[in-house]
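Here is what each chain is made of, one letter per residue.
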Amino acid sequence: WFALNISMGNLNGWILKHHGFAYPVTLTVLHMVCCWALSAICLITCMRPAQPQPVSAETIRKVQVLSYSFCASVACGNIALRYIFVSFSQMVSAASPLFTMCLMFAMTGKRYSRLAYASMLPMCGGVMLCTAGELNFHALGFLTVVASTMLRGVKSIVQARLLTAPEER
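Asks: Explain the nonpolar core here, please?
Replies: Note that soluble globular proteins tend to have their nonpolar side chains buried in a common cluster. By size, the foremost hydrophobic cluster in this structure holds seven residues: Leu 66, Leu 103, Met 104, Val 154, Ile 157, Val 158 and Leu 162. Residue assignment for this core shows that the elements contributing at least two residues are helix H5 (96-108) and helix H7 (139-164). Residue contributions to this core peak at four residues, all from H7. When neighbours within four sequence positions are excluded, Val 158 is seen to be in contact with Lys 62, Val 65, Leu 66 and Met 107. Among the nonpolar cores identified, the runner-up in size contains five residues, and Ala 80, Phe 88, Val 92 and Val 145 belong to it.

Asks: What is the right way to look at helix H4 (residues 86-93) in this model?
Replies: Side chains of residues three or four places apart in an α-helix project in the same direction, reflecting 3.6 residues per turn. Within H4, the full set of buried residues consists of Val 86, Phe 88, Ser 89, Val 92 and Ser 93. Taken end-on, H4 shows its buried residues confined to a sector of 160 degrees, consistent with a single buried face.

Asks: Hey, could you run me through the pattern of salt bridges in this one?
Replies: If the charged atoms of two oppositely charged side chains come close together, the side chains can form a pair. Considering all chains together, one arrives at one salt bridge under this definition. Residues Glu 58 and Arg 61 are paired through a salt bridge, measuring 2.7 Å at the closest nitrogen-oxygen approach. Pair noted here: Glu 58 and Arg 61 are both in helix H3 (residues 57-83), with a separation of three residues, about one helical turn. In this structure Arg 61 comes out as partly exposed when scored by relative accessible area, which is 42%.

Asks: Even after reading the chapter, I still don't get the confidence of the model for the chain, so can you show me in this structure?
Replies: When pLDDT drops low, the exact placement of atoms in the prediction is not to be read closely. Mean pLDDT over the chain: 82, with 96% of residues reaching 70 or higher. Summarising per-element confidence for the chain, the mean pLDDT is lowest in helix H1 (residues 2-18) (76) and highest in H7 (89).

Asks: In this structure, what is going on with the packing of H5 against helix H6 (residues 114-132)? I would like to understand it.
Replies: Geometrically, a packed helix pair is captured by the angle between its two axes and the distance between the axes. H6 packs onto H5 with a crossing angle of 145 degrees between their chain directions and a minimal axis gap of 9 Å. H5 and H6 meet at a crossing whose hand is left-handed. Across the interface between the two elements, Pro 97, Leu 98 and Met 101 of H5 pack against Ala 116, Tyr 117, Met 120, Met 123 and Cys 124 of H6.

Asks: For this particular structure, what's the right way to read the packing of helix H2 (residues 24-45) against H3?
Replies: Running from amino to carboxyl end, H2 crosses H3 at an angle of 140 degrees, the nearest separation of the two axes being 8 Å. With respect to each other, H2 and H3 are oriented oblique. When the axes of H2 and H3 are compared, the crossing they make is right-handed. Two secondary-structure elements touch here, H2 through Pro 24, Val 25, Leu 27, Thr 28, His 31 and Met 32 and H3 through Phe 70, Cys 71, Val 74, Ala 75, Asn 78, Ile 79 and Arg 82. Its residues assigned to classes, the contact of H2 with H3 shows nine nonpolar, three polar and one charged.

Analysis parameters
- Residues numbered from 1 in each chain as written.
- Predicted model: local features only at pLDDT ≥ 70, side-chain atom pairs only at ≥ 80, totals over all residues.
- Heavy atoms only, no water.
- Core = buried A, V, L, I, M, F, W, Y, C linked by side-chain atoms within 4.5 Å.
- Buried < 20%, exposed > 50% of the residue type's maximum accessible area, 1.4 Å probe, protein only.
- Helix = DSSP H or I, 4+ residues; strand = E, 2+ residues; numbered from the N terminus.
- Contact = heavy atoms within 4.5 Å.
- Arc of directions from axis to C-beta.
- Salt bridge = Lys/Arg side-chain N within 4 Å of Asp/Glu carboxyl O.
- pLDDT = per-residue confidence, 0-100.
- Axes fitted to C-alpha atoms, helices over the stretch in contact; angles between N-to-C directions.
- Left-handed = near helix turned anticlockwise from the far one by under 90°.
- Parallel < 35°, antiparallel > 145°, perpendicular 65-115°, else oblique.
- Nonpolar A, V, L, I, M, F, W, Y, C, P; charged D, E, K, R; others polar.

Structure below.
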């Protein structure tokens, strides 16, 4: 997963920057269509469920939020790569645990230990120092990569709630 993630980011940055492809949302749509097609092939050929279970409307709504946040995250990430380098995008994305912790508190009221909050200081402080010194800083690229990181936090929270709620199993 890690290697594929890095490869996709580098490939998208290469397409957007070096080939002058000016349509990051189109790139996102292509990404989503490929994911859908490959998932369908896997389900048809080797991962067919033995007995499909009916799914509640509430579960469908939660999965829709999950998929919309994932798609918007990828779109924002691709838009960001139009303006900033992949390395800078990865640096800012390193702050995702802080976003996830803050969003978890805002969405569910969950609190973490002081040690968990303290561990965010060196990591996010380092990200802020690197951001401040970025030679190729672009405000729109920075804002869209922050939006992408925040949307990944939303996706993580919704995903965790889907996987741990007993009524959804």
